[in-house]
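Okay, here's what each chain looks like letter by letter:
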Amino acid sequence: MTVTIFVPRDAAALALGAEKVAKAMAQEIEARGLDAKIVRNGSRGMFWLEPLVEVRTEHERIAYGPVKAGDVKGLFDAGFLEGGQHALHLGPTKDIPFLRQQTRLTFSRCGVTDPLSLDDYRHYQGFKGLENAIAMTQAQIVAQVTDSGLRGRGGAGFPTGIKWKTVMDAAGPQKYIVCNADEGDSATFADRMIMEGDPFVLIEGMIIAGIATGATKGYVYIRSEYPHAIATMTEAVEIARAAGILGPSVMGSMHAFDMEIRSGAGAYVCGEETSLLNSLEGKRGIVRAKPPLPALQGFLGRPTVVNNVISLASVPVIMDRGAAFYRDFGMGRSRGTIPIQIAGNVKYGGLYETAFGLSLGEIVDHIGGGTATGRPVKAVQVGGPLGAYFPRALFDTPFDYEAFAARDGLIGHAGITVFDDSADMLKQARFAMEFCAIESCGKCTPCRIGSTRGVETADKIRQGIEPEKNKALLADLCNTMKFGSLCALGGFTPYPVMSAMNHFPEDFSPAPMVEAAE
Ligand SMILES: Cc1cc2nc3c(=O)[nH]c(=O)nc-3n(C[C@H](O)[C@H](O)[C@H](O)COP(=O)(O)O)c2cc1C
Ligand code: SF4
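Residues numbered from 1 in each chain as written. Chains lettered and ligands numbered in written order. Predicted model: local features only at pLDDT ≥ 70, side-chain atom pairs only at ≥ 80, totals over all residues. Heavy atoms only, no water.

### Topic: the confidence of the model for the protein chain
- Looking at the protein chain, pLDDT values average 96 and 98% of them are 70 or higher.
- Confidence over residues 513-518 falls short of pLDDT 50; this stretch has eight contacts with residues more than four positions distant or in other chains. (pLDDT = per-residue confidence, 0-100. Contact = heavy atoms within 4.5 Å.)

Here is the structure:
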């Protein structure tokens, strides 16, 4: 029987040498005349173990990692094809605690299948949700997505079903589904992992969105820094089209839906939906005033659903297993599961899909294993560059949209960046302002000018120039930006700045010698 070996093709694994490992494996198979084949799967999301190589034995998949090309010969010598013992042997993949404790709904296939195999996709429940959707009315699909409690995973947490209903109810000869795959937040990689590891789930979600709203055309806007995701998605779209899943008659039904992949040129603000639409239209990526909502006048002025990759990729399981199944996970108004991305100075970095409700402390200390440096955790930034810094005193905050908002934070795209006690929070506050100054689209004054003034003010605090006055000025500036900015780039930059100042006041005191000189 041919033995199957899995070597990831995910960008994180490639960055750590997966290509060389795959080549060394192929050479070894040939040299030894073995009956084995290599499948290039997605990542399981345990980055400290990448490249994570698996072998399918008679009963289960056995993991080895992190594997270097130089380890390959030794693995074969140790009877790796039969799951043999070796220093890199991790046991059955499904039993690795980081994976075993997860609830993988959206990421159920990621790392399991060959991302470009339709047979694999179908074998693991693929297209079941779409089949159900085809048999339903538009209103029934929208109702199911609404009832599931799914909220946008791109950052704002807006209910997906309500957005879809607005587009469904809008009149127009042409409507669009635009998938936001700009994924600009620090510490985030969930979109990339899905696009590289299970692209058909995104395609399926987009087709369902199209059928539900009456849109026949879709675009995936992917950041140019994701060449592997762009290549995988492009190939997946071609495969789906050739198989009649995309095209004038989706899976032989009366519904038409086709889609294209577009790449952005690299601007954080192009992840903001209206800026993204401008960019997609070939214009400068500048934010549009709302109203009109993109749902009514979006791409080329037509009704448009703009949804994040994970929002759309979560729809197939909802349509397959039902709204109640999905809604059963989570807490409060945060229903279902969320792929938490753990990064920064952390021992076990990676993707952890789980129901909403885990506390921040559980995520950082137990799942992430604390810092990689072994020093105490000082702060955790949740929600990307616009998210607040949480001190250990707030580690009891449950992962829930409302609970984070109540503590002046946000979940955003669920990326968390861990910092140890060597972090300088004034420097981090300055960085937030600097980031905003660089990435501002320039349309409104509080953001464009305020962020530059913010950098200058942080520098004055650092230099000990009238520190109390300048701290008050920085807080005042934050208020102006928070309430006066047109979009969340200027509006949320105050979150990291104010949280740093409020939770770590000691870092905002000038050096005593400078104070004495005043
Ligand atoms: C500055 C800025 C950057 C953003 N970047 C992203 C992004 O990279 N990906 C994303 O899905 N949403 C991003 N958003 C949120 C989008 O504007 C929008 O809310 C989202 O795409 C809607 O999809 P959802 O409802 O599925 O979350 C960003 C918002 C702002 C203000
Ligand atoms: S807040 Fe900043 S990014 Fe947003 S519209 Fe204003 S200038 Fe542009």
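### With respect to the site of ligand 2
- Inspection of the region around ligand 2 gives 13 residues, with Cys441, Lys443, Cys444, Cys447 and Cys487 positioned closest.
- Tallied by class, residues from the shell around ligand 2 come to eight nonpolar, four polar and one charged. (Near = heavy atom within 4 Å. Nonpolar A, V, L, I, M, F, W, Y, C, P; charged D, E, K, R; others polar.)

### Observations regarding the site of ligand 1
- The environment of ligand 1 is made up of 19 residues, and the closest members are Gly154, Asn180, Asn307, Asn308 and Ser311.
- Here an oxygen atom of ligand 1 and a backbone polar atom of Glu183 are 3.0 Å apart.
- Against a free-state accessible area of 600 Å², the protein chains account for coverage of 91% of ligand 1.
- For the shell around ligand 1, the secondary structure elements donating two or more residues are β9 (304-308) and α21 (488-492).
- Among the elements that line the shell around ligand 1, the one with the most residues is β9, at three residues.
- The residue inventory of the shell around ligand 1, partitioned by class, reads four nonpolar, nine polar and six charged. (Polar contact = N/O pair within 3.5 Å; in protein donor to acceptor, adjacent residues only side chain to side chain. Areas by Shrake-Rupley, 256 points an atom, 1.4 Å probe, with all protein chains shown as cover. Helix = DSSP H or I, 4+ residues; strand = E, 2+ residues; numbered from the N terminus.)

### Here we look at the sheet that holds strand β8 (residues 258-263)
- Across the sheet, four strands lie side by side as β8-β7-β6-β9; this open sheet has parallel pairing. Bordering the open sheet on either side are β8 and β9, each of which pairs with just one other strand. Put simply, the sheet's adjacent strands are angled 20 degrees from each other on average, direction ignored.
- Direction of pairing for strand β7 (residues 217-222) relative to β8: parallel, over a ladder of six bridges. Each bridged residue has a counterpart across the sheet, and for Gly218 the counterpart in β8 is Met259.
- Sheet strands in contact with helix α9 (residues 190-197) are β6 (176-181), β7 and β9, and its direction is about 115 degrees off that of β6. (Pairing = 2+ DSSP bridges. Axes fitted to C-alpha atoms, helices over the stretch in contact; angles between N-to-C directions.)

### Quick notes on the sheet that holds strand β5 (residues 89-92)
- Taken in spatial order, the five strands make up an open sheet running β2-β1-β3-β4-β5, and their pairing is mixed. Sheet topology places β2 (36-39) and β5 at the edges, where each strand pairs with a single neighbour. Across this sheet, the average inter-strand angle for adjacent strands is 25 degrees, counted without regard to direction.
- Bridge count for strand β1 (residues 3-6) against β2 is four bridges, and the pairing is parallel. When the sheet's bridge partners are listed, Phe6 is paired in β2 with Val39.
- Across the sheet, helix α2 (residues 18-32) touches β1, β2 and β3 (53-56), and the angle it forms with β2 is around 170 degrees.

### Here we look at the pairing of β3
- Here β1 pairs with β3 via three bridges, running antiparallel. Residue pairing in the sheet places Thr4 in a bridge with Arg56 of β3.
- Across four bridges, the pairing between β3 and strand β4 (residues 61-64) is antiparallel. Paired with Arg56 across the two strands is Arg61, which belongs to β4.
- Hairpin remark: β3 followed by β4, antiparallel, with four residues in the connecting loop.

### Notes on the nonpolar core
- Ranked by size, the top nonpolar core spans 66 residues in total, and within it Trp164, Met195, Ile203, Val220 and Ile222 carry the most contacts.
- Among the elements that take part in this core, helix α10 (residues 199-213) stands out by supplying 10 residues, more than any other.
- Setting aside residues no more than four positions away along its own chain, Ile203 makes contact with Met233, Ala236, Val237, Ala240, Leu246 and Met259.
- Ala63, Val364, Val382 and Val418 belong to the second largest nonpolar core, which has 32 residues in total. (Core = buried A, V, L, I, M, F, W, Y, C linked by side-chain atoms within 4.5 Å. Buried < 20%, exposed > 50% of the residue type's maximum accessible area, 1.4 Å probe, protein only.)

### Details of the side chain of Thr213
- The residue Thr213 is located in helix α10 in this model.
- Here the side chain of Thr213 touches Ala209 through a polar contact of 2.7 Å, landing on its backbone oxygen.
- Each residue touching Thr213, except ones within four places of it in the same chain, is listed here: Gln138, Trp164, Val167, Met168, Lys175, Ile177 and Val305.

### Some points on the packing of aromatic side chains
- Applying the stated criterion to the full structure yields 19 aromatic pairs.
- Ring geometry for Tyr121 versus Phe127: centroids 4.7 Å apart, planes at 70 degrees, classification edge-to-face.
- Residue Tyr121 is classed as buried on the basis of its relative accessible area of 1%.
- Residue class for Phe127 comes out buried when judged on its relative accessible area of 1%.
- For the pair Phe325 and Phe329, a centre-to-centre distance of 5.5 Å together with 80 degrees between the ring planes defines the contact as edge-to-face. (Phe/Tyr/Trp six-rings, centres within 6.5 Å; stacked < 30°, edge-to-face > 60°.)

### What about the pattern of salt bridges?
- With the rule as written, the count across this model stands at 32 salt bridges.
- Put simply, Arg32 and Glu28 hold a salt bridge, and the shortest N to O gap is 2.8 Å. Remark: Glu28 and Arg32 occur in helix α2; sequence separation between them is four residues, near one turn of the helix.
- The salt bridge partner of Asp77 is Lys73, with a shortest N-O separation of 3.7 Å. (Salt bridge = Lys/Arg side-chain N within 4 Å of Asp/Glu carboxyl O.)

### A closer look at the packing of helix α7 (residues 138-148) against α10
- Contact pair α7 / α10: the axes reach a minimum separation of 7 Å and the direction vectors enclose 125 degrees. Accordingly, the angle class assigned to the pair α7 and α10 is oblique. Of the two elements, α7 crosses α10, and the hand of that crossing is left-handed. In this structure, α7 uses Gln138, Ile141 and Val142 to contact α10, whose residues at the interface are Ile208, Ile211, Ala212 and Thr213.
- Looking at the contact of α7 with α10 residue by residue, the classes come out as five nonpolar, two polar and no charged. (Parallel < 35°, antiparallel > 145°, perpendicular 65-115°, else oblique. Left-handed = near helix turned anticlockwise from the far one by under 90°.)

### Brief notes about the state of the cysteines
- Across all of its chains, the model carries zero disulfides by this definition.
- The thiol of Cys436 is not disulfide-bonded; the next cysteine sulfur, from Cys447, is found 3.6 Å away.
- Cys436 sits in the buried class, given a relative accessible area of 0%. (Disulfide = S-S within 2.5 Å.)

### Concerning the pairing of β7
- Here β7 lies mainly inside the structure; five of its six residues are buried.
- Direction of pairing for β6 relative to β7: parallel, over a ladder of six bridges. Residue pairing in the sheet places Tyr176 in a bridge with Lys217 of β7.
- Once you follow β7 into helix α11 (residues 227-242) and on to β8, the crossover reads as right-handed. (Right-handed = clockwise from strand over helix to strand, strands pointing away.)

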